[in-house]
Amino acid sequence: MKGIILHGGFGTRLRPFTYTRPKQLLPIANVPMSQCGLNSLKNAGINDIAIIIGGENSYKVKDYYGNGEKFGVKITYVEQDYPKGISHAIGLCQDFVDTDKFAVFLGDNILLKDISQSVKDFEKGDEAARILLCEVSNPSQFGVAQLSSDGSLVKIVEKPKNPPTNLAVIGIYFLTTSIFEVIANLKPSWRNELEITDALQVLLESKQKISYDVITHYWKDTGTPSDIIDANKILLSQMEPYFFGIREDQVIIKGNVMVGKGTTIRKGVTIEGPVIIGENCIIGDGAYLGPNTSIGNNCKINSCSINNSIVMDGCEISCGLKISESIISYNTTIKSNSPKNTIFTLGEDNKILL
Ligand code: TTP
């Protein structure tokens with residue numbers, strides 16, 4: 001079986017971060033979110049993977065993943081000229097897929113479930129597609145599965161006002177080449193995209209079988225900043241502690257803390273896990289790093305408190321502030337001698353809540 005990871009899209013809900021890089025490269029627990037999909041495919045024995053890229057910053061995806069060797073897979077890049085929808089992106093992979101069955105992973109989906117069994121069942125079976133469903137409390141915001149009395153999938157309803165079930169269709173799809181003919185004849189939706197739910201619906205209407213697995217593990221479609229903060233918390237809670245840095249005297253460390261090499265934790269710092277700190281950071285002078293916090297590589301953090309937050313590589317924060325539920329992008333400096341007199345040099349769409 002082959003694999004496809006979707007790494008394109010607009011990423012409008014994640015501006016300003018997506019002005020400078022594709023959202024799927026944003027780090028969660030210090031790893032680009034799309035690596036969750038790549039690892040998941042690889043763990044299920046899928047090593048031949050196409051990554052769909054698009055937009056002027058897509059070279060950053062190639063820079064990171066390269067030919068896949070470092071990650072133990074073989075990567076082919078497929079360019080999408082404009083985000084015309086998930087089905088459009090899949091349709092571009094026909095040559096790559098050839099006659100194989102294939103798994104599609106949306107690069108912004110985090111799933112803490114091994115998909116190996118679904119892959120095995122799909123490989124053995126004769127169905128046209130297999131999907132994963134997850135119970136959600138707000139089904140009206142998703143594509144939702146409608147099931148018959150014998151439990152078979154009869155319909156997928158997009159963002160229903162009156163949801164037939166609370167089972168959302170998540171962003172991992174197992175498909176056969178029969179989808180390509182469907183996509184070739186698909187009409188764009190009201191938002192002018194070729195939708196995956198419409199393509200699956202056509203399969204169902206032409207009496208082709210779609211099987212499904214209901215997952216009960218953590219799943220998140222990380223489309224917004226609060227989704228990313230939530231996923232960061234969950235991924236950190238799953239990590240085993242390690243400490244490759246230097247710890248001075250009078251440092252308080254509680255809970256699971258992961259510290260990379262070359263990082264110094266100075267006297268007087270308190271860290272309350274789960275917290276991950278990357279390599280070559282200096283955490284000093286009155287810093288408190290609270291639960292559910294990821295600090296990237298090469299950061300300097302002094303005299304402030306940070307919890308439930310993500311600070312990316314190369315940031316310098318020394319401002320006496322309590323920072324919570326925040327995402328601070330690469331190479332940001334926040335400094336202040338007095339938090340009341342602040343000077344900001346910020347790009348578009350930043351949100352500062354003091
Ligand atoms: P979405 O999150 O639905 O769309 P988006 O990425 O454009 O974001 P926003 O709504 O905030 O503007 O996309 C789901 C996944 O599919 C995501 O990983 C991006 C990817 N994608 C493509 O690769 N190509 C596309 O044409 C589209 C629409 C999405």
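Draft legend 1. Region of interest: the sheet that holds strand E26 (residues 310–311). The strand order across the open sheet built from six strands is E14-E17-E20-E23-E26-E29, with neighbouring strands paired in parallel fashion. A strand with exactly one partner marks an edge of an open sheet, and here the two such strands are strand E14 (242–243) and strand E29 (327–328). Summarising the sheet, strand E23 (residues 293–295) and E26 pair through two bridges and their orientation is parallel. Counterpart to isoleucine 295 in the pairing with E26 is valine 311. Strand contacts of helix H8 (residues 225–237): strand E17 (257–259), strand E20 (275–277), E23, E26 and E29, with the helix running at about 90° to E23, the strand carrying the most contacts.

Draft legend 2. Quick peek at the site of the ligand. The full set close to the ligand counts 18 residues, and Phe10, Thr12, Arg13, Gln80 and Gly85 are the nearest of them. In this structure, a nitrogen atom belonging to the ligand sits 2.8 Å away from a side-chain N or O atom of glutamine 80. Here the ligand has 570 Å² of accessible area as a free molecule, and 91% of this is covered by the chains. Considered class by class, the residues forming the shell around the ligand number four nonpolar, nine polar and five charged.

Draft legend 3. Region of the structure containing the sheet that holds strand E22 (residues 288–289). An order of E16-E19-E22-E25-E28 is seen for the five strands of this open sheet, with the pairing classed as parallel. A strand with exactly one partner marks an edge of an open sheet, and here the two such strands are strand E16 (252–254) and strand E28 (322–324). Of the strand pairs in this sheet, E22 and strand E25 (residues 305–307) are connected by two bridges, and their pairing is parallel. Considered in E25, the bridge of tyrosine 288 is made with serine 305.

Draft legend 4. Structural view of the pattern of salt bridges. Across all of its chains, the model carries 16 salt bridges by this definition. Across the salt bridge formed by glutamate 158 and lysine 159, the nearest N and O atoms sit 3.3 Å from each other. By relative accessible area, which is 47% here, lysine 159 ends up partly exposed. A salt bridge links lysine 261 to glutamate 279, with the nearest nitrogen and oxygen atoms 3.7 Å apart. On the criterion of sequence distance, the pair formed by lysine 261 in the loop between E17 and strand E18 (264–265) and glutamate 279 in the loop between E20 and strand E21 (282–284) is long-range, its members being 18 residues apart. We classify lysine 261 as exposed; its relative accessible area is 51%. Judged by relative accessible area, glutamate 279 falls into the partly exposed class, the value being 32%.

Draft legend 5. Main features of the domain arrangement of the protein. Split by domain assignment, the protein resolves into domain 1 (2–234) and domain 2 (239–353). A separation of 33 Å is found between the C-alpha centroids of domain 1 and domain 2. Roughly 1400 Å² of surface becomes buried between domain 1 and domain 2 when both sides are summed, with 62% attributable to carbon and sulfur atoms. Ranking the residues of domain 1 by area buried against domain 2 places Phe17, Asn30 and Ile229 at the top, with a combined share of 37%. At the boundary of domain 1 and domain 2, one finds zero salt bridges. Put simply, domain 1 and domain 2 have three residue pairs in polar contact (both at pLDDT 80 or more) between them. With five residues, H8 is the largest single contributor of residues to the side of domain 1 that touches domain 2.

Draft legend 6. Spatial organisation of the layout of surface pockets. One number sums up the size of the largest pocket: a volume of about 1400 Å³. Lining the largest pocket we find 48 residues, and of these Arg13, Ile86, Lys159, Arg191 and Asp221 sit closest to its centre. Of all elements in the fold, only helix H3 (86–91), strand E8 (129–135), strand E10 (153–158), strand E11 (167–175), helix H7 (196–205) and strand E13 (219–221) reach the threshold of two or more residues within the lining of the largest pocket. By residue number, the principal contributor to the lining of the largest pocket is E11, which donates four residues.

Rules and cut-offs
- Residues numbered from 1 in each chain as written.
- Predicted model: local features only at pLDDT ≥ 70, side-chain atom pairs only at ≥ 80, totals over all residues.
- Heavy atoms only, no water.
- Pairing = 2+ DSSP bridges.
- Helix = DSSP H or I, 4+ residues; strand = E, 2+ residues; numbered from the N terminus.
- Contact = heavy atoms within 4.5 Å.
- Axes fitted to C-alpha atoms, helices over the stretch in contact; angles between N-to-C directions.
- Near = heavy atom within 4 Å.
- Polar contact = N/O pair within 3.5 Å; in protein donor to acceptor, adjacent residues only side chain to side chain.
- Areas by Shrake-Rupley, 256 points an atom, 1.4 Å probe, with all protein chains shown as cover.
- Nonpolar A, V, L, I, M, F, W, Y, C, P; charged D, E, K, R; others polar.
- Salt bridge = Lys/Arg side-chain N within 4 Å of Asp/Glu carboxyl O.
- Buried < 20%, exposed > 50% of the residue type's maximum accessible area, 1.4 Å probe, protein only.
- Domains from an automatic or database assignment.
- Buried area = accessible area lost by both parts, 1.4 Å probe.
- 1 Å grid on protein atoms, 1.4 Å probe; cavity = no way out; pocket = protein on both sides within 12 Å on 5 of 7 lines; lining within 4 Å.
- Points joined across faces, edges and corners; volume = space filled by probe spheres on them.

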